[in-house]
Amino acid sequence: MPAPELEEDSVDLTPMIDVVFLLLIFFMVTMKIVQEETELIVPLPASSQSSEPPEFPPTNIEIEIKFGGVVIADGLPMSDGPDDRNLTKLSQHLLRNGQTVMNDPNAKVIINIRPEGLARHKYTMNVLNSLTTANKELEKMYEQRGTPKEERRLLTTIMFQ
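Treat the numbers as computed from the prediction; the structure is a model and nothing was measured.

Thresholds, definitions, all that
Residues numbered from 1 in each chain as written. Predicted model: local features only at pLDDT ≥ 70, side-chain atom pairs only at ≥ 80, totals over all residues. Heavy atoms only, no water. Helix = DSSP H or I, 4+ residues; strand = E, 2+ residues; numbered from the N terminus. Buried < 20%, exposed > 50% of the residue type's maximum accessible area, 1.4 Å probe, protein only. Contact = heavy atoms within 4.5 Å. Areas by Shrake-Rupley, 256 points an atom, 1.4 Å probe, with all protein chains shown as cover. Pairing = 2+ DSSP bridges. Phe/Tyr/Trp six-rings, centres within 6.5 Å; stacked < 30°, edge-to-face > 60°. Salt bridge = Lys/Arg side-chain N within 4 Å of Asp/Glu carboxyl O. Expected span 1.5 Å × (residues − 1).

### A few points about the overall build of the protein
Move 1: Within the protein, the regular secondary structure consists of three helices and five strands.
Move 2: The order of helices and strands in the protein, counted from the N terminus, is α-β-β-β-α-β-α-β.
Move 3: The proportion of buried residues among the 161 residues of the protein is 25%.
Move 4: Pairs at least 24 residues apart make up 65% of the contacts formed inside the protein by residues separated by at least 6 positions.
Move 5: Surface exposure of the protein reaches about 13,100 Å², of which carbon and sulfur atoms provide 57%.

Here it is in structure tokens:
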């Protein structure tokens, strides 16, 4: 009987090398390259004069709509009662503020409309109709001056609170 051959135990390193290469690729891809900070030399301006005019804060028009339909703008009553649909006083007040925008290109007007808790929607619509009337009057004034449509500035910044 022949002598049995002794087999050598060998370890296959191929899967381990594959895992090592995968880990190497993973760490290379996820690594962040850090750049050294460099000093930037920027000359400072000699004077603090700017060519643009200073920006002025906008004019706020506060319009409150009470539960019963009374409209108050900037603390002054603008309606003759809940049945006043035209709100001519409010239209005139808005038109005066719109003329400041028309005369000063740097002026801004923001209209804040605050309906009281359960105020009816029709009172808010009356205020918006009054704003539309004021904007139509501003359009007429711009047309009389011959201002191009691109340069016309109407009362369009409205915020509901």
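Now that the structure has been shown, the text picks up again.
### Quick notes on the environment of Met 141
Move 1: Assignment of secondary structure puts Met 141 in helix H3 (residues 121–145).
Move 2: For Met 141, a relative accessible area of 22% corresponds to the partly exposed category.
Move 3: Put simply, Met 141 and Gln 99 are 42 residues apart on the chain and 9.0 Å apart in space, counted from C-alpha to C-alpha.
Move 4: Met 141 has contacts with Leu 95, Gln 99 and Met 102, leaving out every residue within four places of it along the chain.

### Some details on the sheet that holds strand E5 (residues 158–160)
Two pairing modes exist for strands in a sheet, parallel and antiparallel, and in both the strands are linked by backbone hydrogen bonds.
Move 1: Ordered by their spatial adjacency, five strands build an open sheet running E3-E2-E1-E4-E5, and the pairing between neighbours is mixed. The sheet is open, and its two edges are formed by strand E3 (76–77) and E5, each paired on a single side.

### Focus: the packing of aromatic side chains
Move 1: All chains considered together, the criterion is met by one aromatic pair.
Move 2: When the centroid spacing of 5.3 Å and the interplanar angle of 70 degrees are considered together, the rings of Phe 26 and Phe 27 count as edge-to-face.
Move 3: The class of Phe 26 is partly exposed, set by a relative accessible area of 47%.
Move 4: The class of Phe 27 is exposed, set by a relative accessible area of 52%.

### A few points about the pattern of salt bridges
Move 1: Using the criterion set out here, one finds three salt bridges in the structure.
Move 2: The residue Glu 62 makes a salt bridge to Arg 114 at a minimum N-O spacing of 2.8 Å. Here Arg 114 lies in strand E4 (residues 109–115) and Glu 62 lies in strand E1 (residues 59–65), a separation of 52 residues in the sequence.
Move 3: Overall, the relative accessible area of 35% leaves Arg 114 in the partly exposed class.

### Regarding helix H2 (residues 88–103)
Three or four residues apart is the spacing at which side chains of an α-helix point the same way, because the helix has 3.6 residues per turn.
Move 1: When the terminal C-alpha atoms of H2 are compared, their 22 Å separation across 16 residues agrees well with the 22 Å that a helix rising 1.5 Å per residue should span.
Move 2: What H2 keeps buried is the set Leu 90, Ser 91, His 93, Leu 94, Leu 95, Asn 97, Gly 98, Val 101 and Met 102.
Move 3: In this structure, the buried residues of H2 make contact with E1, strand E2 (71–73), E4 and H3.

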